[in-house]
Amino acid sequence: MKINILYGTETGNSEMLCEDLESEFGGDHELEIMNLAEVDPADLDLSVFHVFVSSSYGDGELPASAKPFAEKLEGSDTDLAGLSFAIFGLGDSDYETFGHGSEQLADMLVKHNAKQIGPRVIHDAQSDDLAEDVAFPWFAERVAEAEAMSDAA
């Protein structure tokens, strides 16, 4: 299955997690990793499953590399009907705005008619789990759901 993994990051943690996903699942799927700063929402390939990985920054804001994507999407009438996506967040539960960055991104995508597959999961930097320990099973489940939907269509 072809999967685009798009990340929004401030410090590089989301990008590193995407590289871990590529190492773990790249042998089974055709994966392409993209920085959201370099993606125009109007250019998203609707036939490809998209996995978004985004941290939160500051007061629950999108990280710096996700802001250009969000601004283009919010300022447009881009219709993402037909686009299926899953979203994984990185955050720190010490903050009231835990996970708000990935939540904002998911809400924007849905507002533009994209379909979210499965729940948004947020890795908590305060937990004893590594981000990849949470992300790997989540990713495998989302891909299986996307494949099942694709086969049913």
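Before reading further, recall that the structure is shown in the block above.
Just so you know, these numbers come straight off a predicted model, no measurement behind them.

> Please explain the overall build of the protein chain as it appears in this structure.
For the protein chain, the count of helices and strands is 4 helices and 6 strands. The linear arrangement of helices and strands in the protein chain, starting from the amino end, is β-α-β-β-α-β-α-β-β-α. Taken over C-alpha atoms, the radius of gyration comes to 14 Å for the protein chain, in line with the 15 Å a tight globule of 153 residues would show. With the C-alpha coordinates aligned to their principal axes, the bounding extent of the protein chain is approximately 40 × 35 × 25 Å. Looking at the protein chain as a whole, 45% of its 153 residues qualify as buried. Carbon and sulfur atoms make up 44% of the accessible area of the protein chain, which amounts to about 7400 Å² in all. The average position of the 7 basic charges and that of the 33 acidic charges among the side chains of the protein chain differ by 8 Å.

> Where do I start with the pattern of salt bridges in this structure?
A complete count under the given rule lists 6 salt bridges for this structure. Between Lys111 and Glu74 there is a salt bridge, and its shortest N-O distance comes to 3.6 Å. Placement of Lys111 in helix α3 (residues 100-111) and of Glu74 in helix α2 (residues 67-74) is noted, with a sequence separation of 37 residues between them. A relative accessible area of 59% means that Lys111 is categorised as exposed. Relative accessible area serves as the criterion here: at 40%, Glu74 is assigned to the partly exposed category. One salt bridge in this structure joins Arg142 and Glu141, with 3.5 Å as the shortest N-O distance.

> Can you walk me through α3 in this structure?
Owing to its 3.6 residues per turn, the α-helix brings residues three or four apart onto one side. The first and last C-alpha atoms of α3 sit 16 Å apart over 12 residues, in line with the 16 Å expected at 1.5 Å per residue. For α3, every residue scored as buried is listed here: Gly101, Ser102, Leu105, Ala106, Met108 and Leu109. Taken around the axis of α3, the buried residues stretch over an arc of 160°, which confines them to a single face. Against the buried residues of α3 lie β3 (49-55), α2, β4 (84-91), β5 (115-116) and β6 (121-124). One or two residues past the end of α3 sits Asn113, with phi positive at roughly 80°.

What counts and how
- Residues numbered from 1 in each chain as written.
- Predicted model: local features only at pLDDT ≥ 70, side-chain atom pairs only at ≥ 80, totals over all residues.
- Heavy atoms only, no water.
- Helix = DSSP H or I, 4+ residues; strand = E, 2+ residues; numbered from the N terminus.
- Rg over C-alpha atoms; globule rule 2.2 N^0.38 Å.
- Buried < 20%, exposed > 50% of the residue type's maximum accessible area, 1.4 Å probe, protein only.
- Areas by Shrake-Rupley, 256 points an atom, 1.4 Å probe, with all protein chains shown as cover.
- Lys, Arg positive; Asp, Glu negative; His and termini not counted.
- Charge placed at Lys NZ, Arg CZ, Asp CG, Glu CD.
- Salt bridge = Lys/Arg side-chain N within 4 Å of Asp/Glu carboxyl O.
- Expected span 1.5 Å × (residues − 1).
- Arc of directions from axis to C-beta.
- Contact = heavy atoms within 4.5 Å.

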